[in-house]
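# Observations on chain architecture
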There are 4 protein chains.
Amino acid sequence: MGGNSFGTLFTATTFGESHGPALGCVVDGCPAGVPLGIEDISRELRRRRPGGGGAATTRVEADEPELLSGVFAGKTLGTPIAIMVRNTAQRSGDYDALQDVYRPGHADWTWEAKYGIRDHRGGGRSSGRETLGRVAAGAVAKAFIREYGMVIQAWTSAAAGVDVPGPEDPGFNLDVAEENPLRIPHRGYAEAIMEKIEKLRLEGDSAGGRVSCSVTGVPPGLGEPVFGKLDARLAAAMLSLGAAKAVEFGAGFDAAYEQGSVHNDQPIPAQDEIICQLPPDVPALQFKTNNAGGMLGGISTGMPLEFKVAFKPVPSIAKPQQTLDRNGSIRELVIRGRHDVCILGRAVPVVEAMTALVLADLLLLNRCAR
Amino acid sequence: MGGNSFGTLFTATTFGESHGPALGCVVDGCPAGVPLGIEDISRELRRRRPGGGGAATTRVEADEPELLSGVFAGKTLGTPIAIMVRNTAQRSGDYDALQDVYRPGHADWTWEAKYGIRDHRGGGRSSGRETLGRVAAGAVAKAFIREYGMVIQAWTSAAAGVDVPGPEDPGFNLDVAEENPLRIPHRGYAEAIMEKIEKLRLEGDSAGGRVSCSVTGVPPGLGEPVFGKLDARLAAAMLSLGAAKAVEFGAGFDAAYEQGSVHNDQPIPAQDEIICQLPPDVPALQFKTNNAGGMLGGISTGMPLEFKVAFKPVPSIAKPQQTLDRNGSIRELVIRGRHDVCILGRAVPVVEAMTALVLADLLLLNRCAR
Amino acid sequence: MGGNSFGTLFTATTFGESHGPALGCVVDGCPAGVPLGIEDISRELRRRRPGGGGAATTRVEADEPELLSGVFAGKTLGTPIAIMVRNTAQRSGDYDALQDVYRPGHADWTWEAKYGIRDHRGGGRSSGRETLGRVAAGAVAKAFIREYGMVIQAWTSAAAGVDVPGPEDPGFNLDVAEENPLRIPHRGYAEAIMEKIEKLRLEGDSAGGRVSCSVTGVPPGLGEPVFGKLDARLAAAMLSLGAAKAVEFGAGFDAAYEQGSVHNDQPIPAQDEIICQLPPDVPALQFKTNNAGGMLGGISTGMPLEFKVAFKPVPSIAKPQQTLDRNGSIRELVIRGRHDVCILGRAVPVVEAMTALVLADLLLLNRCAR
Amino acid sequence: MGGNSFGTLFTATTFGESHGPALGCVVDGCPAGVPLGIEDISRELRRRRPGGGGAATTRVEADEPELLSGVFAGKTLGTPIAIMVRNTAQRSGDYDALQDVYRPGHADWTWEAKYGIRDHRGGGRSSGRETLGRVAAGAVAKAFIREYGMVIQAWTSAAAGVDVPGPEDPGFNLDVAEENPLRIPHRGYAEAIMEKIEKLRLEGDSAGGRVSCSVTGVPPGLGEPVFGKLDARLAAAMLSLGAAKAVEFGAGFDAAYEQGSVHNDQPIPAQDEIICQLPPDVPALQFKTNNAGGMLGGISTGMPLEFKVAFKPVPSIAKPQQTLDRNGSIRELVIRGRHDVCILGRAVPVVEAMTALVLADLLLLNRCAR
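I will try to describe carefully the structure that is included in this document.

The rules behind each value
Residues numbered from 1 in each chain as written. Chains lettered and ligands numbered in written order. Predicted model: local features only at pLDDT ≥ 70, side-chain atom pairs only at ≥ 80, totals over all residues. Helix = DSSP H or I, 4+ residues; strand = E, 2+ residues; numbered from the N terminus. Rg over C-alpha atoms; globule rule 2.2 N^0.38 Å. Buried ≥ 20, exposed ≤ 12 C-beta atoms within 10 Å, placed from the backbone. Contact = placed C-beta atoms within 7 Å. Least-squares fit on C-alpha atoms with pLDDT ≥ 70 in both. Pairing = 2+ DSSP bridges. Axes fitted to C-alpha atoms, helices over the stretch in contact; angles between N-to-C directions. Nonpolar A, V, L, I, M, F, W, Y, C, P; charged D, E, K, R; others polar. Expected span 1.5 Å × (residues − 1). Core = buried A, V, L, I, M, F, W, Y, C linked by C-beta atoms within 7 Å. Parallel < 35°, antiparallel > 145°, perpendicular 65-115°, else oblique. Left-handed = near helix turned anticlockwise from the far one by under 90°.

## As for the overall build of chain A
Looking only at helices and strands, chain A has eight helices and 18 strands in total. The C-alpha radius of gyration computed for chain A amounts to 21 Å, which stays within 12% of the reference 21 Å derived for 370 residues, consistent with globular compactness. By principal-axis analysis of the C-alpha atoms, chain A measures approximately 70 × 50 × 35 Å. Across the 370 residues of chain A, 66% fall into the buried class. Partitioning the contacts of chain A with sequence separation of at least 6, the portion at a separation of at least 24 is 71%.

## Comments concerning the relation of the copies chain A and chain B
Rotating chain A by 180° about the axis while translating it 0.0 Å along that axis superimposes it on chain B, leaving an RMSD of 0.0 Å. Expressed as a symmetry operation, the mapping of one chain copy onto the other fits a two-fold axis. By C-alpha distance to the rotation axis, the residue of chain A lying nearest is Ala236(A), at 2.4 Å. The fraction of interface residues of chain A whose copies in chain B are also interface residues reaches 100%, indicating that both copies meet through the same surface.

## Notes on the sheet that holds strand 8 (residues 151–159) of chain D
Across the sheet, which stays open at both edges, the 10 strands sit in the order 9(C)-8(C)-10(C)-16(C)-11(C)-11(D)-16(D)-10(D)-8(D)-9(D) with antiparallel pairing between neighbours. Two strands bound the open sheet, and with one partner strand each, they are strand 9 (162–163) of chain C together with strand 9 (162–163) of chain D. In the sheet, strand 11 (residues 244–249) of chain D pairs with strand 16 (residues 305–311) of chain D via five bridges, with the strands oriented antiparallel. Bridge pairing links Val247(D) to Val309(D) in strand 16 of chain D. Sheet contacts for helix 8 (residues 344–366) of chain C: strand 8 (151–159), strand 10 (209–216) and strand 16 (305–311) of chain C; angle to strand 8 of chain C, the most-contacted strand, approximately 145°. Lying over the sheet, helix 6 (residues 230–239) of chain D contacts strand 11 (244–249) of chain C together with strand 11 and strand 16 of chain D, oriented at roughly 155° with respect to strand 11 of chain D.

## Remarks on the interface of chain D and chain B
In this assembly, 35 residues from chain D lie in contact with 35 residues from chain B. Residue assignment for the side of chain D that touches chain B shows that the elements contributing at least two residues are strand 2 (11–15), strand 3 (22–28) and strand 7 (81–86) of chain D. Looking at which element gives the most residues to the side of chain D that touches chain B, the answer is strand 3 of chain D, with four residues. In terms of residue class, the side of chain D that touches chain B is made up of 14 nonpolar, 16 polar and five charged.

## Describing helix 8 of chain C
In this model helix 8 of chain C runs 32 Å from its N-terminal to its C-terminal C-alpha over 23 residues, within 8% of the 33 Å that 1.5 Å per residue would give. Most of helix 8 of chain C sits inside the fold, with 22 of its 23 residues counted as buried.

## Considering the nonpolar core
With 456 residues, the main nonpolar core has Leu357(A), Leu357(B), Leu357(C) and Leu357(D) as its most contacted residues. Not counting residues up to four positions away in its chain, the partners in contact with Leu357(D) are Phe6(D), Gly7(D), Phe10(D), Ala12(D), Ala137(D), Gly138(D), Ala141(D) and Ala237(D).

## Looking at the relation of the copies chain D and chain B
Its rotation angle being 180°, the transformation that places chain D on chain B also includes 0.0 Å of axial translation and leaves an RMSD of 0.0 Å. Interface overlap between copies: 100% of the residues of chain D at the interface are likewise at the interface in chain B, consistent with a symmetric, same-surface contact.

## Details of the packing of helix 1 (residues 38–48) of chain B against helix 3 (residues 131–146) of chain B
Residues and elements named next belong to chain B. Helix 3 packs onto helix 1 with a crossing angle of 135° between their chain directions and a minimal axis gap of 9 Å. When the axes of helix 1 and helix 3 are compared, the pair comes out oblique. Handedness of the helix 1/helix 3 crossing: right-handed. Contact residues: Asp40, Ile41, Glu44, Leu45 and Arg48 in helix 1; Thr131, Leu132, Val135, Ala136, Gly138, Ala139 and Ala143 in helix 3. For the contact of helix 1 with helix 3, the per-class residue count stands at seven nonpolar, two polar and three charged.

## As for the sheet that holds strand 1 (residues 5–6) of chain C
All names here are of chain C. Ordered in space as 1-2-3-7-4, the five strands form an open sheet in which the pairing is antiparallel. The sheet terminates laterally at strand 1 and strand 4 (65–67), the two strands that pair on one side only. Pairing of strand 1 with strand 2 (residues 11–15) involves two bridges; the strand directions are antiparallel. Of the residues in strand 2, the one forming a bridge with Phe6 is Ala12. In the packing of helix 3 (residues 131–146) onto the sheet, contacts are made with strand 2, strand 3 (22–28), strand 4 and strand 7 (81–86), and the angle to strand 3 comes to roughly 35°.

## Here we look at the interface of chain A and chain B
By a widely used convention, the size of an interface equals the accessible area lost when the partners come together. In this complex, chain A contributes 95 residues to the contact, which on the side of chain B involves 96 residues. Per-element tally for the side of chain A that touches chain B: the top contributor is helix 2 (residues 108–115) of chain A, with seven residues. For the side of chain A that touches chain B, the per-class residue count stands at 44 nonpolar, 33 polar and 18 charged. Pairing geometry for strand 11 (residues 244–249) of chain A and strand 11 (residues 244–249) of chain B, over three bridges, is antiparallel.

## Quick look at the environment of Met238(A)
Residues and elements named next belong to chain A. Structurally, Met238 can be placed in helix 6 (residues 230–239). The exposure class assigned to Met238 is buried, which follows from the 30 C-beta atoms found within 10 Å. Residues Met238 and Gly337 lie 99 residues apart in sequence; the distance between their C-alpha atoms is 28 Å. Setting aside anything within four residues of it in sequence, one finds Met238 in contact with Ala244, Val247, Val309, Val351 and Met354.

## Structural notes on the pairing of strand 16 (residues 305–311) of chain A
Each regular strand shows side chains that alternate between the opposite faces of the sheet. Residue and element names in this part refer to chain A. Extensive coverage of strand 16 is indicated by the burial of seven of its seven residues. Along strand 16, one buried face is formed by Leu305, Phe307, Val309 and Phe311 and the opposite face, lined by Glu306, Lys308 and Ala310, is buried too. Where strand 10 (residues 209–216) and strand 16 come together, seven bridges link them in antiparallel fashion. Within strand 16, the position partnered with Cys213 by the bridge is Phe307.

## Remarks on helix 6 (residues 230–239) of chain C
When you tally the buried positions in helix 6 of chain C, you get 10 out of 10 residues, the bulk of the element. Every buried residue of helix 6 of chain C is listed here: Leu230(C), Asp231(C), Ala232(C), Arg233(C), Leu234(C), Ala235(C), Ala236(C), Ala237(C), Met238(C) and Leu239(C).

## Description of the packing of helix 6 (residues 230–239) of chain B against helix 8 (residues 344–366) of chain B
Residues and elements named next belong to chain B. Two elements in contact, helix 6 and helix 8, have axes whose closest approach is 9 Å; the angle formed by their N-to-C orientations is 145°. Note that helix 6 runs across helix 8; the crossing there is right-handed. Within the contact between the two elements, helix 6 uses Leu230, Arg233, Leu234, Ala237 and Met238 and helix 8 uses Val351, Met354, Thr355, Leu357, Val358 and Leu362.

## As for the environment of Gly2(A)
Position of Gly2(A) relative to the elements: it lies in the segment before strand 1 (5–6). Overall, the presence of 26 C-beta atoms within 10 Å leaves Gly2(A) in the buried class. Sequence-distant contacts of Gly2(A), that is, excluding residues within four places in its chain, are made with Thr11(C), Asp28(C) and Gly29(C).

## A word on unusual backbone geometry
Along the chain, Pro225(A) connects to Val226(A) via a cis peptide bond; the corresponding omega equals 0°. Residue position: Val226(A) is located in the loop between strand 10 and helix 6. Phi angles above zero are rare outside glycine, and Asp63(A) is one such case at about 55°. Here Asp63(A) is to be found in the loop between helix 1 (38–48) and strand 4 (65–67). The phi dihedral of Ala160(D) falls on the positive side, at around 55°, and the residue is not glycine. Relative to the helices and strands, Ala160(D) is located in the loop between strand 8 and strand 9.

## Describing the environment of Gly33(D)
Checked against the element boundaries, Gly33(D) lands in the loop between strand 3 and helix 1 (38–48). Separated by 40 residues in the primary sequence, Gly33(D) and Ala73(D) have C-alpha atoms spaced 9.9 Å apart.

Here it is, written out as structure tokens:
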């Protein structure tokens with residue numbers, strides 16, 4: 001399977017360059033009969049659009065998706081679902097100055113080293129705009145797994161050097177996250193971080209951050225040992241995002257410093273209703289804690305999935321930088337044009353989309369376990 | 001492709017349960033003509049064996065591999081390379097007491113929830129012994145990528161709550177790592193940590209840790225955007241290991257707190273000889289720093305690959321734990337038998353093996369980029 | 001990989017229903033730097049369009065393709081190439097009468113039995129119109145393998161019960177094939193068969209036929225034993241076509257009746273220049289005859305590929321037929337609307353497209369053999 | 001996935017050279033809980049062994065399989081099932097004379113052209129002995145699909161130039177097929193053909209033939225449009241066999257000469273009990289005839305699958321042949337040693353095994369259709 005396809009049964013193939021005619025995806029393997037409308041896709045694409053405010057690019061695309069196939073009378077047909085979004089607001093001229101120079105922190109040189117050719121306009125397919133096809137595909141996956149009761153929620157848990165308190169904090173509120181462009185689930189922190197980002201903008205600099213993701217309603221049994229484990233699939237999904245540098249599940253890196261007597265989650269009789277069909281003679285259970293992040297041996301436990309993804313700072317900064325050009329000569333570079341200072345808010349729906357694609361695929365694979 | 005196969009072109013399929021007749025692998029897609037002998041495989045399997053000392057299990061297997069196919073007159077044939085290791089030192093009786101109880105931190109219950117059946121002897125295929133097939137396959141991959149000048153070196157960079165200083169420290173010495181069972185590249189730290197582990201053993205507890213990995217000689221261009229990126233593939237490889245909980249590349253989670261002006265690595269004219277064929281008109285370059293960990297846009301830059309993997313503490317501890325049995329009743333569990341207190345030393349060759357499998361595959365895929 | 005993707009490295013994913021908004025494909029894995037323009041695709045799609053005359057449907061679609069991604073400045077980028085064709089001439093009303101009835105020879109009932117839902121308009125994705133995405137993808141593959149000197153030529157070698165003489169006949173002329181709607185490479189036979197088909201049209205009946213295909217310039221070495229053999233891949237490609245019922249290579253079914261002393265092709269010193277890089281110490285050779293059809297052990301020999309595909313008669317006929325409806329009641333069915341009497345002429349570019357996809361993929365895979 | 005793996009979910013990876021240490025397979029993706037014992041595998045391997053009589057090689061291998069993993073307490077675990085058979089009766093010396101010569105009709109030269117290296121002993125992996133791994137894997141697939149009521153039966157329907165009458169003939173008897181080494185289901189024809197083959201042996205020549213295969217109990221819905229259609233998968237499976245040259249489904253090549261009014265199978269209300277779960281509102285039906293061979297649009301109809309495979313004559317003949325050697329010089333070749341005159345009888349279980357692998361895989365894939 002090519003490098004632009006993801007998944008084994010529920011597969012997404014994405015296409016499109018930042019400044020080409022269109023971007024989109026083909027979802028193949030979505031079961032027939034899933035209710036799906038264009039609004040399911042538009043809604044997610046709107047969440048991915050620049051949210052205004054200081055944090056985001058000022059390139060404004062309508063990003064109206066078109067459903068080209070696979071849906072009939074409001075339901076999926078079991079055939080490939082093709083979705084396309086036309087590029088309309090390209091200002092390719094902005095990039096002509098960058099044609100012969102390798103931007104630091106970008107994939108300009110590595111793409112040339114690999115392919116011998118590069119669409120320099122907006123980074124071509126190494127642009128963040130590439131995630132549009134993922135979000136469209138993820139919207140289909142969300143529609144599918146919604147039928148099984150799974151709910152995915154991601155948020156910005158750190159940005160511009162500031163950690164945001166988690167669900168244990170009284171100020172934590174996921175509704176708040178959808179109200180601010182950085183998707184920070186805490187009003188006070190959102191404001192403080194937005195201020196820091198505005199300051200970075202004025203300095204011509206940028207910021208990184210971290211997205212946390214939680215999934216509830218995951219039935220036990222998802223994950224395909226030994227190479228298609230739930231965490232292996234999610235890790236691949238997350239690190240396939242351009243700016244991602246790290247991922248951790250449950251206790252994550254802290255687990256490296258823990259002792260077994262502390263880290264092990266104690267099994268207890270199931271308290272909550274679990275939506276799943278356990279095999280005969282296997283008792284329902286859950287765990288007193290969730291250091292495991294919802295998986296054991298790469299298979300979901302029924303506890304919430306919990307993981308975090310680190311994103312590096314946006315590489316396009318206005319501050320002058322030293323780099324090389326196509327002749328191998330040293331050049332000072334000042335990047336102009338529309339650029340995010342911090343992409344965390346827009347990364348949230350992308351993390352959710354990739355999570356949905358992983359879960360949809362593993363849900364289907366799990367039908368064949370026994 | 002099934003959950004027990006890894007890779008697209010250079011593929012490894014592993015098989016075998018902890019206490020079944022045998023474990024092993026089939027490597028398919030290794031090019032013809034690669035020099036390969038049984039000693040290449042034995043050597044890596046010996047590195048994976050319990051190293052003695054306080055840290056490791058006392059189960060001693062000879063782990064002598066047998067090469068069943070794919071090699072003729074000392075060279076690979078281009079046909080599948082099957083490698084088998086017989087289990088000889090099983091003491092299945094040790095596990096009879098565990099047949100009806102779900103060990104905390106283990107995959108006992110999740111396997112039953114998924115498959116409805118479980119080989120309880122030593123965890124079946126969720127055992128760490130499953131990595132034997134990976135190490136055998138990785139040995140083949142190492143033999144292949146060695147021809148291209150790539151060298152993989154991993155070591156334990158944290159264990160039992162103690163961080164080991166990195167290459168910048170004068171006491172850092174990778175030769176030392178191979179001399180102690182935990183593979184700690186610093187004599188003083190190795191001794192101190194071994195003492196802590198011995199103490200944990202007496203307390204009936206266990207320890208986690210972290211493996212760092214560095215690969216030199218990686219040609220620019222490896223990685224298949226957008227879903228088969230180098231970091232995505234490595235992340236999947238690492239999180240497919242039973243005890244892994246996190247992975248980070250280059251600056252990793254720290255990148256989330258950095259600014260673009262600091263994180264971006266500055267391109268500079270190539271200083272060192274780079275072994276690769278760049279396309280015409282693409283200049284050789286390298287980077288002043290390596291916050292990126294050797295990849296940009298998911299494609300190798302030619303700088304060393306740098307990443308770290310967190311491993312949770314060994315779940316089998318002698319201390320009494322509360323858990324549930326097959327009837328859903330609460331039980332106190334005391335685990336007896338041979339168990340590692342800390343598996344970090346043995347994780348090192350496994351991390352290397354998975355890294356080799358990823359690089360061998362991407363090396364082949366890259367032949368088709370242009 | 002989903003059921004709508006084809007290939008391992010050079011992959012094509014097709015999408016679209018007969019009467020949905022659009023059809024098309026995404027080609028992933030085409031190497032960077034291949035010259036490709038919209039005209040390469042339009043030309044093949046025009047060959048697939050109804051050619052007029054008595055044989056073909058009177059539905060006329062412009063079938064103008066749009067290149068959505070993957071090409072920049074006239075060359076492929078190494079990124080996914082998405083191609084879309086909008087449906088414009090749908091007359092879905094024609095099909096309302098067929099909504100609740102299972103047409104004999106069509107996949108109406110099997111699709112419902114599998115998916116529980118069906119786009120009844122024109123057969124949805126089981127329509128011959130689905131091949132449009134294949135032809136577009138095949139046009140990309142043709143552009144790629146053309147660089148290696150491979151030339152694919154297919155023609156109608158039997159139709160409406162009449163066998164057309166082959167290349168050994170003096171009247172055989174492939175230029176003639178492109179001049180008549182059935183693509184019969186012999187003027188006299190073309191006229192006679194067109195007459196028979198016109199008679200069948202008046203009778204409300206239809207005809208099957210056979211396509212022969214020959215590929216020259218195939219380098220030795222293509223094919224991936226043991227399951228990805230050249231003939232296995234071509235056989236899958238051909239039988240994935242809706243109306244195909246059989247395929248044979250070289251001597252084909254006749255080989256079943258031959259003796260080894262007759263069937264074996266004798267190796268002789270290479271007479272013609274062969275375009276390929278043989279490994280050191282392997283002599284160039286060719287064969288005195290070509291009963292093998294250009295492959296031995298599933299690997300190309302360098303001799304022309306030769307194979308034939310049988311197509312069943314068009315199932316939509318005007319003659320009254322007995323069938324069942326959705327209630328399981330017996331119904332008499334008379335199919336109205338635009339339908340081919342014989343699709344052989346249009347099958348020719350589809351056979352070529354699938355052949356090109358197989359060869360492009362095996363060409364890339366072969367780069368990794370040694 | 002490598003060239004030695006077959007299937008998407010229910011996958012078989014085979015390994016082993018004719019004269020290497022062992023051959024075998026790893027089956028990954030077989031659901032947990034399927035009853036499976038070593039005798040299931042031994043029985044099929046015995047059917048594949050030379051059956052004695054004039055038709056078969058005199059190399060006699062015990063071919064005792066060993067089950068290395070994936071089965072516990074008589075049931076599959078859902079983990080990879082590895083099966084190994086050691087080579088014991090190699091007489092490699094027989095082949096030394098062939099080391100530097102290219103046998104006509106064999107893959108000697110094409111393997112060298114591809115891989116640059118070849119295991120000349122018995123053809124290495126291009127030997128018919130390679131099918132041993134397929135038959136072992138197919139035995140697992142048979143055990144799985146047997147649970148669903150599917151029964152596969154193949155037989156020799158032509159050999160040595162003689163067609164054997166089909167099921168419509170009163171002398172046709174499948175029990176007879178298992179009694180003679182050629183698996184001809186008709187006593188009179190079996191004797192006559194055996195005589196012809198004995199005559200060919202004396203002449204130093206060989207014979208081809210045809211295998212017919214029928215599968216009953218196939219539920220409607222198997223097959224994954226558009227590239228994973230049932231016939232496409234079976235065609236790939238059959239043509240992946242070394243000596244196969246053609247395949248046809250139902251009316252096959254005859255369909256090319258038929259008219260729609262004759263070829264179309266008429267749907268009728270279901271007469272026989274059909275074992276399958278049809279979606280709501282889809283009526284049970286069957287067909288008056290079976291020209292389609294049990295599939296429409298690449299999806300099973302519930303009628304018996306019917307297909308035929310042509311096998312070329314055995315290429316190793318005692319008669320002197322002209323060929324080339326490694327220096328490109330012309331040589332006369334006389335092949336000595338143990339060789340089949342006609343492999344049809346042994347091809348029967350191999351055809352069945354590949355059929356079982358296809359059906360097992362499609363059965364699992366079909367669980368995800370809706």
